[in-house]
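Observations on the three-dimensional arrangement
Residues per chain are reported as follows:
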Amino acid sequence: EPVWMAANHDINIQRNYTHVAGTGQDPQGFTRFVAGHDIVTGEAGVPAGTTGSTFSYLHMGDKGGDFDMKAGHDIITHNKVNIAYNAAANDALVTTLFACNNIDIRNKFWYTDSTHTATYKQTRLYANNDILTNSTCLNHPAPVNGGAPVNYYTPFDTRTEWNAGRNIITKDTVNFRYGST
C-alpha cells in the first residue's frame, strides 16, 4: 500500500511517474498521496510529450485498491495525468482528488475504465474552493496540441462527482462517456 506523505509540506512530482498496481498482488490495497500543502505534478510551462513528464496510474489487478490525492491546499497538474483501470479491475474502486483549496487541472487529464461488468466505481473531485480546468488558457505546442481537456471514459455504472465549495470553471472541453455511448 504505497503512501506518499508530506505532512507539513508539498509533494512535487516533476518527472515521469508510473505506477502499475495489482499485478500479482492480493489485494493491491490503496495508493495515496497526502500533502499538508500542495500536490503538484509536472513542471510549470513544460508540456507533456515534449521534455515534460506524464503522471500515470494503472490498476491492472482484480482486487481492491482505491487511489487518493489529498492536499491541505491545492492539487495542481502541470503535466498530462492518466488514471486507468484495466478490464480485470472489477471491484468497486474509488478514485478521489481532495483539496482544501483548489483542484487546478492545467494539462490533459484522462480517467479510463476498461471493465465491462457492473463494478460501480466512483470518481470524486472535491475542492473546498474551486475546481478549475485550463484556468491559465494554455495552448500547448505540437506534439501536445491544445489546452487541458478532461476526459472520462467509463462503463455505464461509474458514478462521477465533482463538488466545489465555490466554483467549477472549465476553460476547455470536459467529456464524459459512459458505456458505449
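Please refer to the structure higher up on the page.
In this report, we go over the structure that sits alongside the text. (Residues numbered from 1 in each chain as written. Predicted model: local features only at pLDDT ≥ 70, side-chain atom pairs only at ≥ 80, totals over all residues. Heavy atoms only, no water.)

1. Side note on the packing of aromatic side chains
Rule in force here: Working definition: a ring pair exists when centres of Phe, Tyr or Trp rings (six-membered ring for Trp) sit within 6.5 Å. Plane angles under 30 degrees give stacked, over 60 give edge-to-face, the rest tilted. Burial classification: accessible surface area is computed with a 1.4 Å probe over protein chains only, and a residue below 20% of its type maximum counts as buried, one above 50% as exposed, and the rest as partly exposed.
For the coordinates displayed, the defined rule picks out 14 aromatic pairs. Judged by centre distance (6.4 Å) and plane angle (0°), the ring pair of phenylalanine 176 and tyrosine 178 falls under stacked. Assessed through its relative accessible area of 28%, tyrosine 178 is described here as partly exposed. Joined through ring pairs, the aromatic side chains of Phe33, Phe55, Tyr57, Phe67, Tyr85, Phe109, Tyr111, Tyr152, Trp162, Phe176 and Tyr178 make up one cluster.

2. Here's the deal with the sheet that holds strand β7 (residues 67-71)
What counts here: Pairs of strands are assigned from DSSP output, requiring at least two bridges between the strands. By the criteria applied, helices consist of DSSP H or I runs no shorter than four residues and strands consist of E runs no shorter than two, each listed in order from the N terminus. Each axis is a line fitted through C-alpha atoms, and for a helix only the stretch in contact is used; angles between axes span 0 to 180 degrees, taken between their N-to-C directions.
Strand order in this open sheet of six strands is β1-β4-β7-β10-β13-β16, and the pairing throughout is parallel. Bordering the open sheet on either side are β1 (3-6) and β16 (159-164), each of which pairs with just one other strand. Strand after strand, the sheet turns through a mean of 5° between neighbouring axes, direction not considered.

3. Some points on the pattern of salt bridges
Quick reminder of the rule: By definition here, a salt bridge exists when the distance from a side-chain nitrogen of Lys or Arg to a carboxyl oxygen of Asp or Glu is within 4 Å.
One pass over the full model with this rule turns up six salt bridges. With a closest N to O distance of 2.7 Å, arginine 32 and aspartate 68 form a salt bridge. Taken together, the residues arginine 32 in strand β4 (residues 31-35) and aspartate 68 in strand β7 connect sequence positions 36 residues apart. Residue arginine 106 is joined to aspartate 104 by a salt bridge in which the shortest nitrogen-to-oxygen separation is 2.8 Å. In the salt-bridge network here, residues are joined through shared partners; they are Arg32, Asp68 and Lys70.

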